[in-house]
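Listed below are the residues making up each chain.
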Amino acid sequence: MLSLTMSSNSNSMLPNIERIDLSNNNISGILSWNVGKDTLNYLNLSYNFISGFEMFPWKNMQILDLHSNLLKGPLPTPSNSTYFFSISHNKLSGEISSLICKASSMVILDLSHNNLSGLLPHCLGNFSKDISILNLGRNQFHGTIPQTFLKGNYLRTLDFNSNQLEGLVPQSLIICRELEVLDLANNKINDTFPHWLGALPNLQVLILRSNRFHGHIGFSKIKSPFMSLRIIDLAHNNLEGDLPKMYLRSLKATMNIDEGNVTREYMGRDYYQDSIMVTIKGLEIEFVKILNTFTTIDLSNNKFEGEIAECIGNLNSLRRLNLSHNYLTGHIPLSFKNLKMLESLDLSSNKLSGRIPQELTSLTFLEVLNLSQNHLIGFIPQGNQFETFGNDSYYGNPGLCGFPLSKRCTTDEPSQEMESEFETGYDWKITLMGYGCGLVIGFSLGCLIFLSGKPKWLVWIIDKNIYKNIVSNKRSTDRRGARRS
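**Quick look at the state of the cysteines**
Alright, step 1. Scanning the entire structure with this criterion turns up 2 disulfides.
Alright, step 2. With a sulfur-sulfur separation of 1.8 Å, Cys101 is cross-linked through a disulfide to Cys123. Between Cys101 and Cys123, the S-S torsion sits near 70°, and that sign places the bridge as right-handed. Pair noted here: Cys101 is in the loop between strand E9 (91-94) and strand E10 (108-110) and Cys123 is in the loop between strand E11 (115-119) and strand E12 (133-135), with a separation of 22 residues, a long-range link.
Alright, step 3. Among the residues examined, Cys123 registers a relative accessible area of 22% and is labelled partly exposed.
Alright, step 4. Shown here is the disulfide that connects Cys401 with Cys409, its sulfur atoms set 2.0 Å apart. One disulfide, between Cys401 and Cys409, carries an S-S torsion of 100° and so falls in the right-handed class.
Alright, step 5. For Cys401, a relative accessible area of 1% gives the class buried.
Alright, step 6. Bonded cysteines in the chain are paired 1-2, 3-4 when counted in the order they occur along the chain.

**As for the packing of aromatic side chains**
Alright, step 1. Counted by the stated rule, this structure contains 7 aromatic pairs.
Alright, step 2. Consider the rings of Phe53 and Phe56, whose centres lie 4.9 Å apart with planes at 85°: the pair is edge-to-face.
Alright, step 3. Classification of Phe56 by relative accessible area gives partly exposed; the value is 23%.
Alright, step 4. Aromatic pair Phe193 and Phe226: ring centres 6.1 Å apart, planes at 50°, arrangement tilted. Of this pair, Phe193 sits in the loop between strand E16 (181-183) and strand E17 (205-207) while Phe226 sits in the loop between strand E18 (214-216) and strand E19 (231-233), and the two are 33 residues apart along the sequence.
Alright, step 5. Put simply, the rings of Phe53, Phe56 and Trp58 touch in pairs and so form one group of aromatic residues.
Alright, step 6. The side chain of Arg19 reaches across the aromatic face of Tyr42, ending 4.0 Å from its centre.
Alright, step 7. Here the guanidinium or amino end of Lys289 rests over the ring plane of Tyr266, the centre of that ring lying 5.1 Å away.

**A few points about the confidence of the model for the chain**
Alright, step 1. Across the chain, pLDDT averages 85, with 81% of residues at or above 70.
Alright, step 2. Every residue in residues 2-11 is under pLDDT 50, and counting partners more than four places away or in other chains gives 21 contacts.
Alright, step 3. Segment residues 414-432: pLDDT under 50, and 12 contacts once partners within four positions in sequence are set aside and those in other chains are kept.

**Examining the nonpolar core**
Alright, step 1. Counting residues in each nonpolar core, the largest one holds 98 residues, and the members touching the most others are Leu109, Leu111, Ile312, Phe336 and Tyr394.
Alright, step 2. The next biggest cluster of nonpolar side chains, apart from the first, holds 13 residues, and it includes Val205, Ile207, Ile290 and Leu291.

**Brief notes about the environment of Glu178**
Alright, step 1. Relative to the helices and strands, Glu178 resides in the loop between strand E15 (164-166) and E16.
Alright, step 2. Linking Glu178 and Asn153, residues 25 residues apart in sequence, is a C-alpha distance of 7.7 Å.
Alright, step 3. Setting aside anything within four residues of it in sequence, one finds Glu178 in contact with Asn153, Tyr154, Leu155, Arg156 and Asn202.

**Here's the deal with the environment of Lys72**
Alright, step 1. Relative to the elements of secondary structure, Lys72 occurs in strand E7 (residues 72-73).
Alright, step 2. Distance in space between the C-alpha atoms of Lys72 and Asn114 is 9.2 Å, their sequence separation being 42 residues.

Calculation criteria
Residues numbered from 1 in each chain as written. Predicted model: local features only at pLDDT ≥ 70, side-chain atom pairs only at ≥ 80, totals over all residues. Heavy atoms only, no water. Disulfide = S-S within 2.5 Å. Helix = DSSP H or I, 4+ residues; strand = E, 2+ residues; numbered from the N terminus. Buried < 20%, exposed > 50% of the residue type's maximum accessible area, 1.4 Å probe, protein only. Phe/Tyr/Trp six-rings, centres within 6.5 Å; stacked < 30°, edge-to-face > 60°. Lys NZ or Arg CZ within 6 Å of the ring centre and 35° of its normal. pLDDT = per-residue confidence, 0-100. Contact = heavy atoms within 4.5 Å. Core = buried A, V, L, I, M, F, W, Y, C linked by side-chain atoms within 4.5 Å.

Dropping the structure here:
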C-alpha cells in the first residue's frame, strides 16, 4: 500500500507519463500535480483520502477516476477530451458549470453521492451523442429534468435518484432506444404513470419510488409493453385503482429464466456497474451490483385496490414481490404456488381474507414472508420454509391459528379440505359414514329386542303390524283367485 501526502510544492518528475493508477492507497492532502500535463490520458486516484486540487493541468485526459475520496469545494471541470469522469462519493458542493457540456466525447459521467446543488444545465441531455451513463444521484439538485435528448443517442443509464427534482418525466426519453436503467426515485416528480416508457425495447430497470405519481396506471396502446423490464419499483406514491394486469402479463423478462443456460453477469459496462436500492423488511439495502437474473416488483405504499391479479403467478422467475400497504381484497391467489424462485413475499397491511394456501409451502426459496395486518383465517400452513417464519409474519390476523402463533387451532376449526367440500355444496364422505353407522346400530338394536322380548309394548306393536300385513295379503290373494274363477 502506497502512502503519500500531496503538498503545493509537489513538482513534475515524470513529464511524459501516460497512465497512472494509484487507487486504493493512503494518499491524502491537496493534489497539485503537473505530472504528464501534456501526455497523461489515464489517472485513477480512487479510494484514497485526497481533499482537493489546485488545478487540473491535463490537456489530453481521457479517463479520470477520483471517486471515493474526501474532495471538497466546487466540481472541477474535466478537459474537453475526457470521456470517462467519475468523482462520486465525495463532499463536493455548488452547482454544475455548463462548461462541462464542452466535453462532447463524454461516455460516462458519474457525479453521484455528493452535496452538489442548483439547477441542472439544460445541455446535459444533449451535450454528447456518445453519453452512455449519466449518474447525478444522491445530491441536492432541484428544478426539472433536462427536456432534450439527442436523437440516436446511446444513453443506457439515467440516474437522478435522491434529489429534489420536480415537474414531469420528459417524454423526449422515448427516443433513448438504448435505455436500460431509469432511476428517478426520491424526488418530487408530480406526474401520472409514464406508460409510454413501455415502448423502450431495452428498459430493464424502472425505479420511480417516493415521488408524487398519481392516478390509475391505465392501459397502453402498445401490444406488449415493458417486455424487457425485470426490476420495477413504484412504491410510496399515490397510484390507485386495480393492479395493472396488462403490464403484469407483459413482463416476459420475469418468466421462464433458465438460469442453467444463462451467463450470470452484472449490469454495466466499461469500468462502470449499475446499483439500486432495494427495500427488505422495511430497510433500504443498496445492491452495488445488479445481477442480470435479479427480478423484483414493488408496488407497496400506494392506493391500489381490488383483488390480487392471478396473472402474477405466471412470473415464475420473480425473486421479490411487495404489494404491502395498499387496499387489496380477496384471497391470496393459488397461482402464487408457481413462483418457484420467489425469495421474498410481502402482502402485509391490506384487506386480504380467506386462508393461506397450503400450496405456498412448495416455495422452497422463500426467505421473507409478511402477511401481517390482514383478515386471514384458519390454520397456518406447515412444512418447508413455513417452519422458519416467526410471529411477525402473521400478527394482526385474529382469525389465524397454529404454529408459530400462541393461538392453537381447535377441533371445531374446519380444515381446508372440509372447507372446500362445503363450498361445493355437499359432503358425500360424511353422508356415507352416517348411513353406515345407522345401519349397524339399527341392526344391533333389532336383534337385542327380539332376543330378549323387551320392551313388550314394542314387540306387541311389531307383532300386531306383522299379523295385519299377513291377513291383508291373504285377503287380497283370495279376492284375485275368486275373480279368476
